[in-house]
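Structure at a glance
What follows is the residue order along each chain.
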Amino acid sequence: MKVLVIGGGAREHALCRSLSLDPDVSALYCAPGNAGIAEVAELYPVDALDGAAVAALATELGAGLVVVGPEAPLVAGVADAVRAAGIPVFGPSAEAALLEGSKAFAKDVMAAAGVPTARSYVCTTPEEVDEALDAFGAPYVVKDDGLAAGKGVVVTADLAAARAHALGCDRVVIEEFLDGPEVSLFAITDGVTVLPLQPAQDFKRALDGDEGPNTGGMGAYSPLPWADPKLVDEVMASVLQPTVDELRRRGTPFSGLLYAGLAITSRGVRVIEFNARFGDPETQVVLARLRTPLASVLLGAATGTLHTEPPLNWREDAAVTVVIASHNYPETPRTGDPIEGLAAVAAEDAPEAYVLHAGTRREGDAVVSAGGRVLSVTATGSDLAQARERAYKAVGRIRLDGSQHRTDIAAKAAEGR
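In this report, we go over the structure that sits alongside the text. Numbering of residues starts from 1 in every chain and runs along the sequence as written. Totals for whole chains, interfaces and linings use all residues, but because this is a predicted model, local features are given only for residues with pLDDT of at least 70 and pairs of side-chain atoms are given and counted only at 80 or more. Values reported for side chains reflect all heavy atoms of the structure, with hydrogen atoms and water molecules removed beforehand.

A few points about the packing of aromatic side chains
For Phe, Tyr and Trp, where Trp contributes only its six-membered ring, two rings pair if their centres lie within 6.5 Å, and the inter-plane angle classes them as stacked under 30 degrees, edge-to-face over 60, or tilted in between. Applying the stated criterion across every chain, the model contains 6 aromatic pairs. Look at F203 and Y221: their rings are 6.1 Å apart centre to centre, the planes differ by 45 degrees, and that puts the pair in the tilted class. Here the residue F203 occupies a position in the loop between β12 (201–202) and β13 (205–207), and Y221 occupies one in strand β15 (residues 219–222), the gap between them amounting to 18 residues. Neither F203 nor Y221 differs from the other in exposure class; each is buried. Three or more aromatic residues joined by ring pairs make a cluster, and in this case those are F90, F186, Y259 and F278. Only DSSP runs of H or I reaching four residues or more are called helices, and only runs of E reaching two or more are called strands; each is numbered from the N terminus. Note on classification: 1.4 Å probe, protein chains only; a residue is buried when its accessible area is under 20% of the maximum for its type, exposed when over 50%, partly exposed between these limits.

Now the structure itself:
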């Protein structure tokens, strides 16, 4: 099977890495890709938001499966265009992708499906914003209704900051604060069958100790030694299957990757948000632990045959990912800085540790930064402590002027806290 992956971040590099190791994949393409993906896939330039262009490229390459990585192309209907061309595609329709594209739509689906989530108000006027903020009180949780690349959420005790963020959005969802640790749980689905993956935890804040501004994610780990062993079964029964069933009932079946962002509260599991694609950086650690070849599972979701797939096989190993971000991320990140040390990681730390590229490009013989999150350094080990040690050892070999990374990814979990 020839596979075309759409996107150019670390999530897509993780997907391409797994697909490149799959004996069923005869050719692997990525558009537009990045400097790291170029080592495992053939790159093609394409506007990832242009469904006709993506479908034309897939047809030209003879792809037997297209995997759409980022959320914006899904919400823009790229998967619909590929399906219309008769090519199996892993990724939901534009209508189903509204589960991520609109927080208000997601709340409506959850209400209809009986999925536990935070109480909320959808606001479009300053008066509605003030009423909602007053009703819930601090800490305030304010979410841009639309896509915001993981940075549209403000959680703050500062009323003025909460109000300013709300008034900067066309439509905003204001909701009650959910206490407790957060968990990311992915599920692959063909619209009927739901196949959960292993849970992960990511770190959204820019700085150690969960300080600083929200980001797209600064690191992740899996498994979660502190989580209830029945967590996946519980979320399947109360969240994932009911949501898939409700979308199918509405005539907008969801096939692809359903990502539930969860809070494990004192009152039980609550959904914080849904995403319509693999999360970044959680994908990096989840796929590091997946032993089952990836292509047939994604094809099963794309063709409605997921029920014929055998149960997923997982490695016992733990995995940790540490994101190296560019200077001044997440504000106005600096780009164009040379990255050194990549060859040293490949020579000294592989295969237990490796580098997945996010915002990179090649300039002559050099690899330079080309985005806010630049690299995801990923490592596996017999437990989180060993995986963490290997990841940070590899991080220490990377040199990128002005770069930043958190030093506490998976630290508490590795210590049993």
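Here we look at helix α8 (residues 159–167)
In an α-helix, one full turn covers 3.6 residues, which means residues spaced three or four apart are oriented alike. Restricting attention to buried positions, one finds in α8 the residues A162, H165 and A166. Looking straight down α8, one finds its buried side chains confined to an arc of 100 degrees; they lie on one side. With respect to the buried face of α8, the exposed residues turned more than 90 degrees away are A160 and A164. When checking whether two residues touch, look at their non-hydrogen atoms; a contact exists if any pair is within 4.5 Å. Those residues of α8 that are buried lie in contact with α7 (126–136), β7 (140–144), β8 (153–156) and β9 (172–175). Polar contacts here mean pairs of N or O atoms no more than 3.5 Å apart (in protein, one a potential hydrogen donor and the other a potential acceptor; neighbouring residues in sequence count only if both atoms are side-chain atoms). The N-capping residue of α8, defined by a side-chain oxygen 2.9 Å from the backbone nitrogen of A160, is D158. Note that the arc is defined by the directions from the helix axis to the C-beta atoms.

Section: the sheet that holds β12
Pairing between two strands requires that DSSP report at least two bridges joining them. Taken in spatial order, the 5 strands of this open sheet run β12-β15-β18-β23-β20, and their pairing is antiparallel. Edge positions in the sheet fall to β12 and β20 (353–357), since each has one partner strand and no second. Summarising the sheet, β15 and strand β18 (residues 318–325) pair through 4 bridges and their orientation is antiparallel. The residue of β18 that forms the bridge with A220 is T321. The axes are straight lines fitted to the C-alpha atoms, using for helices just the contacting stretch, and the angles between their N-to-C directions are given from 0 to 180°. Set on the sheet, helix α1 (residues 10–20) makes contact with β20 and β23 (373–381); between it and β20 the angle comes to about 125 degrees. Sitting on the sheet, helix α10 (residues 282–289) is in contact with β12, β15, β18, β20 and β23, with an inclination near 150 degrees to β18.

Digging into a negative patch on the surface
Nonpolar side chains (Val, Leu, Ile, Met, Phe, Trp, Tyr) within 5 Å and like charges within 9 Å form the patches, drawn only from residues with over 30% relative accessible area and no salt bridge. With residues, only the protein chains shown are counted as cover, and all accessible areas are computed by Shrake-Rupley using a 1.4 Å probe. In what follows, salt bridge is the name for a side-chain nitrogen of Lys or Arg lying within 4 Å of a carboxyl oxygen of Asp or Glu. Only four residue types enter the charge count: Lys and Arg as positive, Asp and Glu as negative, with His and the chain ends excluded. Note on charges: their place is set at NZ of Lys, CZ of Arg, CG of Asp or CD of Glu. A cluster of acidic residues, E127, E128, E131 and D134, forms a negative patch on the protein surface. As for its position among the elements, E127 is in helix α7. The class of E127 is exposed, set by a relative accessible area of 52%.

Some words on the sheet that holds strand β4 (residues 65–68)
With respect to topology, 5 strands assemble into an open sheet ordered β3-β2-β1-β4-β5, the strand pairing being parallel. The sheet is open, and its two borders are formed by β3 (42–43) and β5 (89–90), each paired with just one other strand. Relative to β4, strand β1 (residues 2–7) runs parallel, the two being bridged by 4 bridges. Bridged to I6 within β4 is V68. With respect to the sheet, helix α11 (residues 294–303) is in contact with β4 and β5, its orientation differing from that of β4 by roughly 90 degrees.

Topic: the pattern of salt bridges
As enumerated under the stated definition, the model contains 22 salt bridges in all. Among the salt bridges present, the one from R277 reaches E71, with a minimum N-O distance of 3.3 Å. Residue R277 is located in the loop between β17 (268–275) and α10, and its partner E71 is located in helix α3 (residues 71–75); the two are separated by 206 residues in the primary sequence. For the pair R277 and E71, a shared accessibility class is recorded, and that class is buried.

Observations concerning the packing of α7 against α8
The interhelical angle for the contact between α7 and α8, taken along N-to-C directions, is 145 degrees, at an axis separation of 10 Å. The element α7 and its partner α8 pack so that their crossing is right-handed. Contacts between α7 and α8 pair P126, V129, D130 and L133 from the former with L159, A162, R163, A166 and L167 from the latter. Three categories are distinguished: nonpolar for Ala, Val, Leu, Ile, Met, Phe, Trp, Tyr, Cys and Pro, charged for Asp, Glu, Lys and Arg, and polar for the others, with Gly belonging to the last. Of the residues that constitute the contact of α7 with α8, the class distribution is 7 nonpolar, no polar and 2 charged. Crossing handedness follows the turn of the near helix against the far one: under a right angle anticlockwise gives a left-handed crossing, and clockwise gives a right-handed one.

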